[in-house]
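This is what each chain is made of:
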Amino acid sequence: MKVDLHVHTRYSPDSLTDLEAVVRWARRAGLDALAITDHDTIEGAKALKTLSPFPIILGEEIRTSQGEVCGLFLRQTIAPGQTAEATMRQIHEQEGIVYVPHPLDRLRRSALRREILLRLLDHIDVVEVLNARVLLPLDNERADALAQAHNLLRGAGSDAHHGFEIGRAHMEMPPFHDAPGFLQSLAQGDIRGGRSFPLVRLGSVYARMVKASRQSP
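To keep things clear, this report deals only with the structure shown in the data block. (Residues numbered from 1 in each chain as written. Predicted model: local features only at pLDDT ≥ 70, side-chain atom pairs only at ≥ 80, totals over all residues. Heavy atoms only, no water.)

**Looking at the packing of helix 1 (residues 19-28) against helix 2 (residues 43-51)**
As a packed pair, helix 1 and helix 2 sit with axes 10 Å apart at the nearest point and diverge in direction by 65°. The crossing of helix 1 and helix 2 is right-handed. Where helix 1 abuts helix 2, its residues L19, E20, V22 and V23 lie against G44, A47, L48 and L51. Tallied by class, the residues present in the contact of helix 1 with helix 2 amount to six nonpolar, one polar and one charged. (Axes fitted to C-alpha atoms, helices over the stretch in contact; angles between N-to-C directions. Helix = DSSP H or I, 4+ residues; strand = E, 2+ residues; numbered from the N terminus. Left-handed = near helix turned anticlockwise from the far one by under 90°. Contact = heavy atoms within 4.5 Å. Nonpolar A, V, L, I, M, F, W, Y, C, P; charged D, E, K, R; others polar.)

Here it is in structure tokens:
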């Protein structure tokens, strides 16, 4: 299966991609499944799951007080603003998977830093070692080195906020049906793809501006 583990929809404040477009672009990229990881909500993932012809992993990219953490295979939205450790514990309480997005990204204030990652190793299931939106290639390499040094599973995701980004980075892995099966499959998976064109980040700024203007009186 080709699986993109980090995708945003219009349910994120910095994306305008509607759900039907997500399906179209995913099929164009030849993907077999997606993890939808909107910021601080699983509502987009739940909505997409009802209309998608391929499997959708219910995920959320959660803003903690120390950086962002993704939960996969969630049942309920986890509130932002808590510590990273408390957030990870709540993910596991839902029998979900703790997936750390874009760790060690020096140009992203929302990335978990090394000292926090090392302190929370026992709570982490998967480290994203290829994020297509990371601007400095060395930062993906540093994340990969950390994951391998501590025997953590490695993942890849496009971090797509626009449809054309979907699938830019992804996993090729055996089929799975639930969270435990996903972890077993990921252990046998291969990382594929590369980085997106850096200017895609400007599209996220534009999306925030559009949504802010819609809310203005």
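**Quick notes on the sheet that holds strand 4 (residues 67-72)**
Taken together, nine strands build an open sheet; the order of strands is 7-6-5-4-3-2-1-8-9 and the sheet is mixed. A single partner strand is all that each edge strand has here, and the edge strands are strand 7 (153-157) and strand 9 (190-193). The average undirected angle you get between the axes of adjacent strands in this sheet is 30°. Sheet analysis places strand 6 (residues 126-131) next to strand 7, joined by five bridges and oriented parallel. Bridging from a neighbouring strand, N131 pairs with G157 of strand 7. Along the sheet face, helix 3 (residues 84-93) touches strand 3 (56-64), strand 4 and strand 5 (97-100) and points at about 5° away from the line of strand 4. (Pairing = 2+ DSSP bridges.)

**Topic: the nonpolar core**
Counting 23 residues, the largest nonpolar core has M88 and L112 as its most contacted members. Looking at this core, the elements that each hand over two or more residues are helix 3, strand 5, helix 4 (114-119), strand 6 and helix 5 (137-149). Setting aside anything within four residues of it in sequence, one finds M88 in contact with V69, V98, V100, L112, L120, H123 and I124. Judged by nonpolar contacts, the second largest core, of 21 residues, contains L130, A169, M173 and A179. (Core = buried A, V, L, I, M, F, W, Y, C linked by side-chain atoms within 4.5 Å. Buried < 20%, exposed > 50% of the residue type's maximum accessible area, 1.4 Å probe, protein only.)

**As for the side chain of H123**
Of note, H123 is situated in the loop between helix 4 and strand 6. Aside from chain neighbours lying at most four places away, what touches H123 is E85, M88, R89, H92 and V98.

**Some thoughts on the environment of L120**
Residue position: L120 is located in the loop between helix 4 and strand 6. Considered as a pair, L120 and E85 are 35 residues apart in the sequence and their alpha carbons are 6.9 Å apart. Those residues in contact with L120 that sit more than four places away from it in its chain are A84, E85 and M88.

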